[in-house]
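Residue-level structural notes
These are the residues of each chain, in order.
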Amino acid sequence: MGGDHGPSVVVAGICEYRKRHGGEGLRFLLNGDESAIRAEMARCGLGDDLCEVRHTDKVVAMDEKPATAMRRGKGSSLWNAIEAVKTGEAAAVVSAGNTGALMAISKLILRMSVQGLERPAIVASWPTHKGITAVLDVGANVESDAAQLVEFAIMGEAFMTAVHGVETPTVGILNVGSEDMKGHEEVREAARLLREGDFGLDYRGFVEGDDIAKGTVDVVVTDGFTGNIALKTAEGVAKFIGSLMKEALTSSLLSKAGAALAYPALKKMSARIDPNAINGGPLLGLNGIVVKSHGGATAAGFSSAIRIAVDLARSDYMSKVGVKLQRLNAVLEQPPAPEADAAKETSQ
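One structure accompanies this document, and this report is about it. Once a new chain begins, its residue numbering starts again from 1 and follows that chain's sequence as written. Reporting in this predicted model follows two pLDDT cut-offs: at least 70 for local features of residues, and 80 or more for side-chain atom pairs to be given and counted; totals over whole chains, interfaces and linings ignore these cut-offs and use all residues. By convention in this description, side-chain values take in all heavy atoms of the structure and omit both hydrogens and water.

Concerning the overall build of the protein chain
Within the protein chain, the regular secondary structure consists of 14 helices and 10 strands. Its C-alpha atoms give the protein chain principal-axis dimensions of about 70 × 60 × 35 Å. Sequence separation of 24 or more characterises 70% of the internal contacts of the protein chain that already satisfy a separation of 6 or more. Under the convention used here, Asp and Glu are negative, Lys and Arg are positive, and both His and the chain ends fall outside the count. Lysine's charge is taken at NZ, arginine's at CZ, aspartate's at CG and glutamate's at CD. Side-chain charges in the protein chain split into 37 positive and 43 negative, and the spacing between the mean points of these groups amounts to 6 Å. Secondary structure elements follow DSSP: runs of H or I no shorter than four residues count as helices, runs of E no shorter than two count as strands, and numbering proceeds from the N terminus. What makes two residues a contact is simply this: any of their non-hydrogen atoms within 4.5 Å.

In structure tokens, the structure reads:
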């Protein structure tokens, strides 16, 4: 029931997913207003063999505060969908609804996968010259210490393998420079942990902002404050460049003729940077799979979020992350080496 369009996009997104990926072996539990959902099912030609409708009149509003949603959200479509993952009725939940409420209720119901994890991280699949780069966190954790940054690295690496098929993803930490001495203490300590922690990650060191679009590494790790600003900045620049291109290509008859000739190439470029093509940000770190779809997603965009949820559910993502996070806890429990203490005192 969430997002800008509610059931009209969710149900159409299921149809789009089936058309693109087949959907063999999948069934969907649709939580919300039964009459509205069934009207869209009839329009798309979906039956009860594929979709089970679970009616509720209660809905978490898009502008509802997370704390309010946790107190009053029980029995809502969002709550019931997440509850289905906890009980094992569903392997994953996909929602275009209120992000803060989705995160808060998911954490309340599903809990975090490993002791010590404070809250989920949102990962973005970023189009690059080489394909896709996973960037996390992009908004859930405004401040992140060194241990959390390592958690993001572990979860991002497993995500790239499960969803984007990269066998051994490379990992970098976003910083103001690539030199080891650059950045604040938390990123330098995270780098040390990744180098010395024996997590089985292909850690490549610090990367800078322009390395994201270059595809320098497969996973870029940062805190949610920086990651969200980077994401929104990139989205704004993409829209700005798109508007400039449209203006230039329609400025004269000659430009319009050139645009007509270049249409196939322009269409291909547009598909590469279309947010709906890679829509769907999993909330990584939960004891269950939760995928957030953009509120303004089209049916094609929602089908992309479904694909990510299915790929995660069918992978060994949860067990792979669990083993490495347990390794991180063991590393953090070890007393620091004497030389590390001496170096810290010298730097202070």
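With respect to the side chain of D218
Counting through the fold element by element, D218 comes out in the loop between α8 (209-214) and β8 (219-221). Of the side chains with opposite charge, R204 lies nearest to the buried D218, which makes no salt bridge, at 7.1 Å. In terms of polar contacts, D218 uses its side chain to reach the backbone amide nitrogen of T170, at 2.9 Å. Beyond its immediate chain neighbours, meaning those up to four positions away, D218 contacts I132, T133, A134, M160, V166, T168, P169 and T170. Only protein chains enter the accessibility calculation, which uses a 1.4 Å probe. A residue is then buried if its area is under 20% of the maximum for its type, exposed if over 50%, and partly exposed in between. In the sections that follow, a salt bridge refers to a side-chain nitrogen of Lys or Arg positioned within 4 Å of a carboxyl oxygen of Asp or Glu. Within 3.5 Å is the distance limit for a polar contact, defined as a pair of N or O atoms, with the added protein rule that one can donate a hydrogen and the other accept it, and that residues adjacent in sequence qualify only through two side-chain atoms.

Structural notes on the packing of helix α6 (residues 146-164) against helix α7 (residues 185-196)
The axes used here are C-alpha line fits, helices contributing only the stretch in contact, and every angle between their N-to-C directions lies in the interval 0 to 180 degrees. One way to put it is that α6 packs onto α7 with a least axis distance of 8 Å and a crossing angle of 50°. Taken together, α6 and α7 sit at an angle that is classed as oblique. The chirality of how α6 crosses α7 is right-handed. Packed against α6, whose contacting residues are A146, L149, V150 and A153, the element α7 presents E186, V187, E189, A190, L193 and L194 at the interface. Each angle gets one of four labels, with under 35 degrees taken as roughly parallel, over 145 as roughly antiparallel, 65 to 115 as roughly perpendicular, and the rest as oblique. Take the far helix as your reference; a near helix turned counterclockwise from it by less than a right angle gives a left-handed crossing, and one turned clockwise gives a right-handed crossing.

Describing unusual backbone geometry
The residue after L136, namely D137, is reached through a cis peptide bond having omega 5°. Tracing the backbone through its elements, the reader meets D137 in the loop between β5 (131-136) and α6. Phi is positive for R111, close to 65°, though the residue is something other than glycine. Within the secondary structure layout, R111 lies in the loop between α5 (99-110) and β4 (121-128). Its identity is not glycine, yet D198 carries a phi of approximately 55°, on the positive side. As for its placement among the helices and strands, D198 is situated in the loop between α7 and β7 (202-207). Residue class for D198 comes out exposed when judged on its relative accessible area of 60%.

Quick notes on the pattern of salt bridges
One pass over the full model with this rule turns up 14 salt bridges. Salt-bridge contacts for E40 lead to R43; the nearest nitrogen and oxygen are separated by 2.7 Å. Placement of the pair is E40 and R43 together in helix α2 (residues 34-44), with a separation of three residues, close to one helical turn. For E40, a relative accessible area of 14% puts it in the buried group. With relative accessibility at 60%, the residue R43 sits in the exposed group. In this structure, R54 and E89 form a salt bridge, with 2.7 Å as the shortest nitrogen-oxygen distance. Here R54, found in strand β2 (residues 51-55), pairs with E89, found in the loop between α4 (77-87) and β3 (92-95); they are 35 residues apart in sequence, far enough to count as distant. The exposure class assigned to R54 is partly exposed, which follows from its relative accessible area of 26%. Here the residues in one salt-bridge network are E16, K19 and R20, joined through shared partners.

With respect to a positive patch on the surface
Like charges are joined within 9 Å and nonpolar side chains (Val, Leu, Ile, Met, Phe, Trp, Tyr) within 5 Å, but only among residues with over 30% relative accessible area and no salt bridge; these make up the patches. Per-residue accessibility takes into account occlusion by the displayed protein chains alone, with areas from the Shrake-Rupley method and a 1.4 Å probe. Residues K86, K107, R111 and R119 make up a contiguous surface patch of positive charge. In this structure R111 comes out as exposed when scored by relative accessible area, which is 53%.

A few points about the environment of I132
Within the element layout of this structure, I132 appears in strand β5. In sequence terms I132 and T168 are 36 residues apart; their C-alpha atoms lie 14 Å from each other. With residues up to four places along the chain from it excluded, the contact list for I132 reads S125, W126, P127, M160, H164, D218 and I278.

Concerning the pairing of β7
Two strands make a pair as long as DSSP finds a minimum of two bridges between them. One ladder, built from four bridges, connects strand β6 (residues 170-174) with β7; its direction is parallel. Among the inter-strand pairings, I173 is bridged to a residue of β7, identified as F206. Note on handedness: a clockwise path from strand one over the helix to strand two, with the strands aimed away from the viewer, defines a right-handed crossover. In the classification by handedness, the crossover that spans β6, the intervening α7 and the parallel β7 is right-handed.

Details of α4
Among the residues of α4, S77, L78, W79, A81, I82, A84 and V85 are the ones counted as buried. Residues of α4 that are buried in the fold lie against β1 (28-32), α3 (66-72), β3, α5 and β10 (289-292). G88 occupies a position one or two residues after α4 and carries a positive phi of about 90°.

Some remarks on α7
The end-to-end C-alpha distance of α7 is 16 Å, a good match for the 16 Å that 12 residues give at a rise of 1.5 Å each. Directly after α7, the chain includes D198, whose backbone phi takes a positive value near 55°. A helix is expected to span 1.5 Å multiplied by its residue count minus one.

Some remarks on a nonpolar patch on the surface
Residues V237, F240, I241 and L244 make up a contiguous nonpolar surface patch of roughly 350 Å² in combined accessible area. Of note, L244 is situated in helix α9 (residues 224-249).

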